[in-house]
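Chain residues, written in single-letter form:
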Amino acid sequence: MRKRLCRTEKPEAAAMEAAMTGGAEVVELNVGGRRRVRTPPTPPVPPSFQNLLVGPLTPLLSLLSGRISTLRDETGAIFIDRDPTVFAPILNFLRTKELDPRDVSPSLLLHEAQFYGITPLVFPAKRRNRHSVAGPRPPTDRTPVRRSNTMPPNLGHAGLLGRLSEDRGVTSVTGGGDAGMVRIVCGHHNWIAVAYAQFLVCYRLKETSGWQQTFSSPRLDWVIERVALNAKVLGGPLGDHDKMVAAASCSEIILWALRADGNGSEIGVFHLGVPLEALFFVGNQLIATSHSGKIGVWNAVTKHWQIQDVVPINSYDAAGTFLLLGCNNGSIYYVDVQKFPLRMKDNDLLVTELYRDPFEDAVTALSVYLTPKSSDSGNWIEIAYGTSSGVVRVIVQHPETVGSGPQLFQTFTVHRSPVTKIMLSEKHLISVCADNNHVRTWTVTRFRGMISTQPGSTPLASFNVLALEDMDGHAGCAAGTDIGPFGERDDQQVFIQKVVPDACQVYVRLSSTGKRICEVRAVDASAITAFTVHECEGSRRVGSRPRRLLLTGHANGSLQLWDLSTAMDMGGRPQGTTDPIAVTPEW
């Protein structure tokens, strides 16, 4: 089915403005290869409605604005390899602002709306921030009920499609699925946090007795979507013995303090005001970020929660005490969280612009590499980032040019879709784009620890980490099935690939070449719903080294641990299968 939409012509800024004000020409789309159907030109998109298509990954806007190269059929129409039946009601929604789903499943509509970046179909109007077309909303005083004997309502996607699903009695794609399945697994030092639909459990590795359960949260009144764990907190009320774990859903965050003796207490409940997309620790600070442009920071010393408005955030990375944010306006900002809250101005965080993309493309992926302290090169900072147009750039800051900011070092134009992941390590540069997780890698040349232009970064490999998307929410959540890359930046990193959503096996592949190291299959043939790679500290015995573990959570609630270090050492052997080193009891 071929649809006509407004297309913008380069230069991009003028083209975007033309498209929004009605000055663009008509373009034809061939969606899914269905027979050509001529329709009248789509009316111009009003300025107040343009935020519908603005986001970290908006393939539709990128195609129409010429930001990314496109495939065209024999008549010159832009070809989009998506379901034409589902695309029709989405196109009508952009024309009229009214949703007529016809006979299309709400879960399929929600899936396509996420792909095209149609915000009002995903998030409810009451949760949008000041950047949305709905305008600002006053904060709510809702007090969460953190103990419940009933299943919570679905809070993942409560926009137009979410309400439509409720009306039809259809389970949303982001529902909790089976309440007993593992949704997210994460680790820090010798601790592991396992999140189920409405509660989480923490384990600690003891040298004498192995893994022991140390904390179990109360039953929450919503489905957990994000988890962050910090096993080493300096300066807390209990000194070095403090541990913290946080869980979040939509805009609400609950933070607990953990103790080695197994006791835990709730520190507090915090609200970001908008749906959060990332939850993590940087030193003592708990950080929450949102695509809409808000950042929340909680300090372990001052016990202070602060929210700051920034421009829409697409990506982030932490380097030491610095938090770097890749934003929708093409800029990279940084915050020195170590000096928070001392560095404050008018009660705001000091967010400083570090670099701006030459073409102001949205920074959709970000990776920072700091030279080791033992290096002779001094304070040398290297940043790799990817953009919504598929461009990969490397910028560097010399010790002698700290005051002038980073300088552009290299540019790679190898992707045709927005870059979703990027990793700059000691030996490799790795980027992943939205086109079926297409990976491009380069070998990085260094001289005295610094990235070098002689002979410079050379292409190494090109491959795909294919992972079919889950449609019913029963194969885990996106936060728990991230493909990576995992591992320390000075060591060989890996991707974890789960091809089929309900599969009971995953494949471990080198991130540099795509070579398959091993296949890991569940010992009880249960579906794998979450996974991560965790570097576990070695014991105090002489000669003991850190172990790299693959953690897999399963649909039946079990957690299985696999010795990935041995598999990496035996990587030369074709497709061997590792043996689990420990399996937790099932609940």
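Structural notes, computed from the coordinates. (Residues numbered from 1 in each chain as written. Predicted model: local features only at pLDDT ≥ 70, side-chain atom pairs only at ≥ 80, totals over all residues. Heavy atoms only, no water.)

Some remarks on helix α4 (residues 106-116)
- Of all eleven residues in α4, eight are buried; the element is thus mostly enclosed.
- Listed as buried for α4 are Pro 106, Ser 107, Leu 109, Leu 110, His 111, Glu 112, Ala 113 and Tyr 116. (Buried < 20%, exposed > 50% of the residue type's maximum accessible area, 1.4 Å probe, protein only. Helix = DSSP H or I, 4+ residues; strand = E, 2+ residues; numbered from the N terminus.)

Focus: the side chain of Thr 364
- Looking at the element boundaries, Thr 364 is found in strand β22 (residues 363-370).
- Look at Thr 364 and you get buried, because its relative accessible area is 6%.
- A polar side-chain atom of Thr 364 sits 2.5 Å from the main-chain carbonyl oxygen of Val 419. (Polar contact = N/O pair within 3.5 Å; in protein donor to acceptor, adjacent residues only side chain to side chain.)

Notes on unusual backbone geometry
- With an omega of 10 degrees, the peptide bond running from Gly 484 to Pro 485 counts as cis.
- Phi is positive for His 189, which is not a glycine, with a value near 55 degrees.

Quick word on a nonpolar patch on the surface
- Together, Leu 466, Leu 468 and Val 500 give the surface a local cluster of nonpolar side chains, amounting to about 240 Å² of exposed area.
- Structurally, Val 500 can be placed in the loop between β32 (494-497) and β33 (505-510).
- Since its relative accessible area comes to 41%, Val 500 is described here as partly exposed. (Patch = residues over 30% accessible without salt bridge, like charges linked within 9 Å, V, L, I, M, F, W, Y side chains within 5 Å. Areas by Shrake-Rupley, 256 points an atom, 1.4 Å probe, with all protein chains shown as cover. Salt bridge = Lys/Arg side-chain N within 4 Å of Asp/Glu carboxyl O.)

Let's talk about the environment of Glu 353
- With respect to the element layout, Glu 353 can be found in strand β21 (residues 352-356).
- C-alpha of Glu 353 to C-alpha of Gly 405: the two residues are 52 residues apart in sequence and 9.5 Å apart in space.
- Once residues within four sequence positions are removed from consideration, Glu 353 is found in contact with Ser 331, Ile 332 and Tyr 333.
- Engagement of the side chain of Glu 353 in a polar contact is seen with the side chain of Ser 331, the distance being 2.5 Å. (Contact = heavy atoms within 4.5 Å.)

Notes on the packing of aromatic side chains
- Taken as a whole and assessed by the stated rule, the structure comprises nine aromatic pairs.
- The structure contains a cluster of three or more aromatic residues connected by ring pairs, namely Phe 270, Trp 298 and Trp 305.
- Between the NZ or CZ atom of Arg 516 and the centre of the ring of Tyr 507, over which it lies, the distance is 4.0 Å. (Phe/Tyr/Trp six-rings, centres within 6.5 Å; stacked < 30°, edge-to-face > 60°. Lys NZ or Arg CZ within 6 Å of the ring centre and 35° of its normal.)

Considerations on the sheet that holds strand β15 (residues 304-309)
- Here we have four strands laid out as an open sheet, ordered β12-β13-β14-β15, and antiparallel in their pairing. On the outer flanks of this sheet lie β12 (278-282) and β15, each paired with one strand and no other. Each strand axis lies, on average, 20 degrees off the axis of its neighbour in the sheet, ignoring direction. (Pairing = 2+ DSSP bridges. Axes fitted to C-alpha atoms, helices over the stretch in contact; angles between N-to-C directions.)

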